[in-house]
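Notes for the structure review
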Amino acid sequence: VSVVGVIAAGGSGERLGASVPKAFVVLGGRALYEWSFEVLRGVCDRVVVAVPSETSDLRPQTSDVVVGGASRSASVRNALAAAPEASVVVVHDAARPLVERDLVERCIAALDGVDGAIAAAPVTDTVKEADSAGRVVRTLDRSVLWAVQTPQVFRADVLRRALDVDESVLASATDDASLVEAAGGAIVLVEAPRENIKVTTELDLRVAEAMLEARC
Ligand code: C5P
């Protein structure tokens, strides 16, 4: 079994408002993607990082690097194309620097008899569906809702097939598991700590920094 890590670090991170793409913003003395890279490197045989095309001067020198695509899933597809030997793929967003080894290992262990095993936390907010005018259409049953994170671990052959779709389909996917689901794949959830936050805004960056400091 060859376990290959894929770090999706190809986004521009416009909502963060930094002068460099989000994955290269410095957090606790390291580029954002490096936190995840260190964790995945400890668990995977090899880690491929998908970076934005404009970051040639920032690129990690010590790892496998590919140029990302127009969408998150296109970046994952590009990284996977560089790892023909993979039988298991661990996809992780550079935007989740607080991931811990235990979670990655539990996702890999859960890939037994299924096509994908993905990190997720129970939803604690009440979630409502609304129309474009902001009028509430319905309230969803929170007891069956999960907020999905990365890592998302897949059988490589299944993920490759799921990603072999039009760019427009890739662009509308907000995670890779949804593409595998659409292709009929079986996915299980792995309960993840809420601490595995996604850095999207400046506030998230400050929260992540405080959490990393509290760890040391
Ligand atoms: O934009 P969003 O926060 O949803 O991005 C999630 C992750 O996907 C980030 O780590 C980002 O770098 C990555 N991404 C990518 N290629 C893109 C867009 C986003 O690898 N074209």
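Reference entry: report on the structure contained in this document. (Residues numbered from 1 in each chain as written. Predicted model: local features only at pLDDT ≥ 70, side-chain atom pairs only at ≥ 80, totals over all residues. Heavy atoms only, no water.)

Within the secondary structure layout, His 92 lies in strand β6 (residues 88-93). Those residues within four positions of His 92 in sequence are excluded, and the remaining contacts are Val 6, Ile 7, Ala 8, Ser 36, Leu 40, Val 99, Thr 150, Pro 151 and Asn 196. (Helix = DSSP H or I, 4+ residues; strand = E, 2+ residues; numbered from the N terminus. Contact = heavy atoms within 4.5 Å.)

A word on the environment of Val 67. Structurally, the position occupied by Val 67 is in strand β5 (residues 64-67). On the accessibility criterion, Val 67 (36% relative accessible area) is partly exposed. Expressed as a C-alpha distance, the spacing of Val 67 and Ala 182, which sit 115 residues apart in the sequence, is 26 Å. (Buried < 20%, exposed > 50% of the residue type's maximum accessible area, 1.4 Å probe, protein only.)

Glancing now at the sheet that holds β5. If you walk across this open sheet you meet the seven strands as β5-β4-β1-β6-β10-β7-β11, and the pairing is mixed. Edge positions in the sheet fall to β5 and β11 (187-191), since each has one partner strand and no second. The mean inter-strand angle of the sheet, taken between neighbouring strand axes irrespective of direction, is 25°. Where strand β4 (residues 46-51) lies against β5, four bridges are found, and the strand directions are parallel. Considered in β5, the bridge of Ala 50 is made with Val 66. (Pairing = 2+ DSSP bridges. Axes fitted to C-alpha atoms, helices over the stretch in contact; angles between N-to-C directions.)

So, on to the site of the ligand. What surrounds the ligand is a group of 15 residues, the closest being Ala 8, Gly 10, Gly 11, Gly 69 and Ser 75. Residue Ser 75 places a side-chain N or O atom 2.6 Å away from a nitrogen atom belonging to the ligand. Within the side chain of Lys 198, an N or O atom sits 3.0 Å from an oxygen atom of the ligand. Protein coverage of the free-state accessible area of the ligand, which is 460 Å², stands at 83%. Along the lines of polarity and charge, the residues of the shell around the ligand split into five nonpolar, five polar and five charged. (Near = heavy atom within 4 Å. Polar contact = N/O pair within 3.5 Å; in protein donor to acceptor, adjacent residues only side chain to side chain. Areas by Shrake-Rupley, 256 points an atom, 1.4 Å probe, with all protein chains shown as cover. Nonpolar A, V, L, I, M, F, W, Y, C, P; charged D, E, K, R; others polar.)

A cis amide bond links Thr 150 to the next residue, Pro 151, at an omega of 15°. Following the sequence through the fold, Pro 151 ends up in strand β10 (residues 146-155).

Glancing now at the pairing of β6. When you tally the buried positions in β6, you get six out of six residues, the bulk of the element. Every second residue of β6 is oriented toward a common face, with Val 88, Val 90 and His 92 on one face and Val 89, Val 91 and Asp 93 on the other, all of them buried. Judged from the six bridges that link them, strand β1 (residues 3-8) and β6 form a sheet pairing that is parallel. Paired with Ala 8 across the two strands is Asp 93, which belongs to β6. When β6 meets β10, the two strands line up antiparallel, connected through four bridges. Bridge pairing in β10 links Val 90 to Val 153.

None of the figures reported here should be taken as evidence of function without further support.
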